[in-house]
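# Commentary on secondary and tertiary structure
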Amino acid sequence: MTSFNFSTWPPQLNPEQLEALTLAATTYALSHGLLYLPPSQSPSNTQPRIPTTAIHAPLSLIPAPFPRAQFQAARELQKVYNVLYARVAMDTQFLDTVMGAEEGVGKADEFTGTLWRGWKRIREHGALAQPLHLGLFRSDYLLHAAEDRLALKQVEFNTISSSFGPLSERAAAMHRNILASTSYFSASPHLTADNFPENSTTSGLVEGLSKAHEAYGVREARILFVVQPNERNVFDQQWLEYGLLERHQIHVVRQTLTDLAVSASLDPFTHALIITSPTNASPYEISTIYFRATYTPSDFPSPSYYDTRFLLERSRAIKCPSLPLQLAGGKKVQEALTRPGVLERFLSNEGAKWGAHALDLTAHAADVRATWMGMWALDSEDVDIAAALDRLPDSGQAQGSVPPGTRLARLKAQSLVLKPQREGGGNNVYREAIPAFLDTLPAEEREAWIAMEMIETPRGVSGYLVRASPSSSDTDNGTIEKKVVRVEVISELGIFGYALFREGEVVEREVGWLVRTKGTESNEGGVAAGFSVLDSVVLV
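Here's what I pulled together on the structure shown here. These numbers come from a predicted model, not from an experiment. Residue positions are given per chain, counted from 1 along the sequence in the order it is written. Two thresholds apply to this predicted model, a pLDDT of at least 70 for residue-level local features and 80 or more for giving and counting side-chain atom pairs, whereas whole-chain, interface and lining totals are computed over all residues. Side-chain measures were taken over the full set of non-hydrogen atoms in the model, leaving aside hydrogen atoms and water.

### Side note on the sheet that holds strand 13 (residues 375–377)
For two strands to pair, DSSP has to find at least two bridges joining them. What counts as a helix is a DSSP run of H or I of at least four residues, what counts as a strand is a run of E of at least two, and both are numbered from the N terminus. Sheet architecture is open: four strands sit in the order 13-16-14-15, paired in antiparallel fashion. The sheet terminates laterally at strand 13 and strand 15 (429–430), the two strands that pair on one side only. Of the strand pairs in this sheet, strand 14 (residues 416–419) and strand 15 are connected by two bridges, and their pairing is antiparallel. Looking at strand 15, one finds that V417 is bridged to Y430. Every residue pair with non-hydrogen atoms within 4.5 Å of one another is taken to be in contact. The axes are straight lines fitted to the C-alpha atoms, using for helices just the contacting stretch, and the angles between their N-to-C directions are given from 0 to 180°. In this fold helix 15 (residues 404–411) packs onto strand 13, strand 14 and strand 16 (450–453), with an angle of close to 135 degrees to the strand it touches most, strand 13.

### Observations concerning helix 1 (residues 15–31)
Taking 1.5 Å as the rise per residue, helix 1 with 17 residues should run 24 Å; its terminal C-alpha atoms sit 24 Å apart, in good agreement. Those residues of helix 1 that sit buried are Q17, L21, T22, A25, T26, Y28 and A29. All buried residues of helix 1 project into a common sector of 160 degrees when viewed along the axis, lining one side. Within helix 1, the exposed residues directed more than 90 degrees away from the buried face are P15, E16, E19, L23 and S31. Phi for G33, located one or two positions after helix 1, is positive at around 75 degrees. The span you would expect from a helix comes to 1.5 Å times its residue count less one. Accessibility here uses a 1.4 Å probe with only protein chains present; expressed as a share of the type maximum, an area under 20% marks a residue as buried, one over 50% as exposed, and anything in between as partly exposed. Directions from the helix axis toward the C-beta atoms define the arc.

### Here's the deal with the side chain of Q255
Note on placement: Q255 falls in strand 8 (residues 252–255). With a relative accessible area of 6%, Q255 lands in the buried category. Any pair of nitrogen or oxygen atoms within 3.5 Å is treated as a polar contact; in protein, a donor-acceptor pairing is required on top of that, and neighbouring residues in sequence qualify only through side-chain atoms on both sides. Side-chain polar atoms of Q255 contact the backbone oxygen of T276, separated by 3.2 Å. Once you skip the residues sitting within four places of it in the chain, Q255 turns out to touch L224, F225, V226, V227, L260, S263, I275 and T276.

Here it is, written out as structure tokens:
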């Protein structure tokens, strides 16, 4: 079999074919709930938005090529990652050391420190009422072109608000529909049904939520979705709500932190979370709390919002994620796991604490490590970092008290990305911007940042990207300006999984995938942040 040439993608289309595919894609998206709400013209933090119009999500016309072997390897590794991060979340001492406000990154990052201090107070007061945790995870990967081969490399591991599962399932279905209806005009021999993998992410994520609800043990209880005000990505969440009701007869309550400051209380005897609603005379007991908010400081405009988050943590409801699981998803944890022996300890079977697992997890340690790029903390004084620094030219220049980790990041800036303890996109610092950023970074904030080697993706692969956004000149009459552009792109694969766990027991499964594609001129990859489009894969 000859290797696939990425620089030949996508196949050539004439203008009439491109127009026909655009019509097919956008019509399918609008007909099947592959949608966003348009930007609000009059935002309100207190009143829910009643949709009067919708736009299709940003999407690609032709799926992104991805090697079959690496796609399958990513799916198989998800089971290992599910267990790994469950175990990290149960290791209090490790999280205190890495993420805490006394000796970890929480000293430098106020948001992380506030969450950690709240969790510590709850522990010290014996107020952890629920031993079970639920994680709906997504592990994100890029292809790394190195030494004439393509390697699978992890960008990050998401433990909170891992979005776009349902919409990505619909993006894959859209591409299969276009294939069935047009055969993509026989533009490429790779565009066949055998190369379009099935995607059933929605049912898998719903399964994880339903297992948590069942484990709670109160059939008539409801699942709480904690959402951001004026959420544009509401349809991605609604598909989960519909799946819970239609497949499992489980009802969902959607509220913001602002709502919950008024509506939420704990039963003084059972610690059950009780939610009132203006639409119902009787309050609801909550079995599971699914956070699609609280991952960024802007979700907490005042200290009272943290108080509401901590009240939820003290409840008997199963949290998705709990505070320790949210902290486990920090970039600093990702870096700490790369240190010698740390991953291997978590993957070993330690008996009663973590319980055995059907997989021989230690046998997969090398496979997991192979997905990681080099990374280190900016405040690192590690001997390996110092040794790497000594091997570089100009490393001997006087730097005063600057730690080796920061000095190495400056010297290798053109091949690095700097990452803070933030989710949601738009926070990283890339390549040529790094030296100037380091010049202004206060010394006490270095601990909050990690340096990671850039993943060098295959060059020359392009795609047809379709965006829908209100034109500034057409906002009042509601028309939508659609743009189709052919640009050189980078495609990121995300693998979904869930884990319902407690000390000594983990129930987990890999449940699906997504692809997000962005133009090479964009460093960030968050669809909701406006930098990329939803895509799927053609296996090559």
